[in-house]
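The residues making up each chain are set out below.
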Amino acid sequence: MSILRPLKLALVQLATGVDKAANLARARAKVIEAAKAGANVVVLPECFNSPYGTNYFPKYAESLSQPGSSQSFATLSEVAKETSIYLIGGSIPEIDPATNNLYNTSLVFSPTGDLLATHRKIHLFDIDIPGKIKFKESEVLSPGDSMTTFETEYGKIGLGICYDIRFPELAMAAARKGCFAMVYPGAFNMTTGPLHWSLLARSRAVDNQIYVALCSPARDLDATYHAWGHSMVVDPNGEVMEELEASEGIVIADLHNERVEEVRRGIPVTTQRRFDVYKNVAV
Ligand SMILES: NC(=O)CCC(=O)C(=O)O
């Protein structure tokens, strides 16, 4: 990896509600605020234009087959261009009009407002912890079937959505394809958040010696789903660089591409792997 300009990353822990137009307007204002603070890559949370819940996805879903007709696409593209930043647009519920399938989809825009990448959540959030939380995204959503990485002048970035972080193979594959950072818009909850959110971010960072950023919605105790919050950036050595609490805010961190090489030189697991021993892992 060559030395590139540092990336100033902003995570917008957005307060969202039931009014889509208000969510979009608030997201736009916060992206502008982050850009004014010097950020050159800005991230929004999972389902930033709607409340998070299977009953909401069909109602809020937008088709991306004719981007001009998507209110969320237009807002993201315009504000990325206006502020000249890369915008990782959290995620939105998407409907494919050809199949009527719904997806949890993240759109990434370049500083010229052009669409750079589209990631459909690969691993759907289906869990059942008795007495605590039951959630089944697959009741309404279909899974994406490809991994997503994109190039910037600051380095290559990998993208996952929330539950995708629980699958170390995805981050590992992205790191092995040259990504120096993984970004996950996500909305953990009050059961798994305290236990696993930070642990998973630090684990993916240490596994792969890359930066990991998680961007959550702010917690809203009047909503049906209580997001954990705690948007954070972890460095390639597994240290939490910045972390918010539960309420709305913006966290900013400088990511240095060469830090990845520095950490990998110190603990060279990247070159010590024994794929000859565990090559048949997909059994
Ligand atoms: N939105 C999600 O995918 C939630 C994932 C989550 O909370 C978890 O524990 O995993």
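Going by the structure above, here's the rest.
Remember, it's a predicted structure, so these values are computed and weren't measured experimentally. (Residues numbered from 1 in each chain as written. Predicted model: local features only at pLDDT ≥ 70, side-chain atom pairs only at ≥ 80, totals over all residues. Heavy atoms only, no water.)

K.L.:
How should the packing of helix α1 (residues 20-36) against helix α3 (residues 71-83) be read in this particular structure?
P.N.:
Each packed pair of helices is defined by two parameters, the angle between the axes and the distance between the axes. One way to put it is that α1 packs onto α3 with a least axis distance of 10 Å and a crossing angle of 15°. Between α1 and α3, the angle is such that the two are roughly parallel. In this structure, α1 meets α3 at a crossing whose hand is right-handed. In this structure, α1 contributes Lys20, Ala21, Leu24, Arg28, Val31, Ile32 and Ala35 to the contact, and α3 contributes Gln71, Ser72, Thr75, Val79, Glu82 and Thr83. Classifying every residue of the contact of α1 with α3 by side-chain character gives 6 nonpolar, 4 polar and 3 charged. (Axes fitted to C-alpha atoms, helices over the stretch in contact; angles between N-to-C directions. Helix = DSSP H or I, 4+ residues; strand = E, 2+ residues; numbered from the N terminus. Parallel < 35°, antiparallel > 145°, perpendicular 65-115°, else oblique. Left-handed = near helix turned anticlockwise from the far one by under 90°. Contact = heavy atoms within 4.5 Å. Nonpolar A, V, L, I, M, F, W, Y, C, P; charged D, E, K, R; others polar.)

K.L.:
Would you explain the site of the ligand in this entry?
P.N.:
In the region of the ligand, the neighbouring residues are Glu46, Tyr52, Lys121, Phe125, Cys162, Tyr163, Arg166, Ala187, Phe188, Asn189, Thr192 and Tyr225. Within the side chain of Tyr52, an N or O atom sits 2.8 Å from a nitrogen atom of the ligand. Within the side chain of Asn189, one N or O atom sits 2.9 Å away from an oxygen atom of the ligand. With the chains in place, 100% of the 290 Å² that the ligand exposes on its own is no longer accessible. Taken atom by atom, the bulk of the ligand overlaps the largest cavity. For the shell around the ligand, the class distribution of residues is 7 nonpolar, 2 polar and 3 charged. (Near = heavy atom within 4 Å. Polar contact = N/O pair within 3.5 Å; in protein donor to acceptor, adjacent residues only side chain to side chain. Areas by Shrake-Rupley, 256 points an atom, 1.4 Å probe, with all protein chains shown as cover. 1 Å grid on protein atoms, 1.4 Å probe; cavity = no way out; pocket = protein on both sides within 12 Å on 5 of 7 lines; lining within 4 Å. Sits in = over half its atoms within 2 Å of the grid points.)

K.L.:
Would you explain the packing of aromatic side chains in this entry?
P.N.:
Each pair of aromatic rings is reported with the distance of its centres and the angle of its planes. A complete count under the given rule lists 13 aromatic pairs for this structure. Arranged with centres 4.7 Å apart and planes meeting at 70°, the rings of Tyr52 and Tyr225 form a pair that is edge-to-face. With Tyr52 in the loop between β2 (41-43) and α2 (57-60) and Tyr225 in the loop between β12 (211-215) and β13 (232-234), this residue pair connects regions lying 173 residues apart in the sequence. The class for Tyr52 is buried, based on a relative accessible area of 7%. In this structure Tyr225 comes out as buried when scored by relative accessible area, which is 11%. Aromatic side chains Phe180 and Tyr211 sit 6.0 Å apart centroid to centroid with 80° between the ring planes, which places their arrangement in the edge-to-face category. Of this pair, Phe180 sits in strand β11 (residues 179-185) while Tyr211 is found in strand β12, placing the two residues 31 residues apart along the sequence. One exposure class covers both Phe180 and Tyr211, and it is buried. Through a chain of ring-to-ring contacts, the aromatic side chains of Tyr52, Phe57, Phe125, Phe135, Tyr163, Phe167 and Tyr225 assemble into a single cluster. Arg120 extends its terminal NZ or CZ atom over the ring of Tyr103, reaching a point 3.7 Å from the ring centre. (Phe/Tyr/Trp six-rings, centres within 6.5 Å; stacked < 30°, edge-to-face > 60°. Buried < 20%, exposed > 50% of the residue type's maximum accessible area, 1.4 Å probe, protein only. Lys NZ or Arg CZ within 6 Å of the ring centre and 35° of its normal.)

K.L.:
Looking at this structure, how should I read the side chain of Ser216?
P.N.:
By the element assignment, Ser216 lies in the loop between β12 and β13. Looking at Ser216, the relative accessible area reads 1%, which means it is buried. Of the polar contacts made by the side chain of Ser216, one reaches the backbone nitrogen of Gly229; its length is 3.2 Å. Once you skip the residues sitting within four places of it in the chain, Ser216 turns out to touch Val12, Gln13, Leu14, Pro45, Gly186, Trp197, Ala227, Trp228, Gly229 and Ser231.

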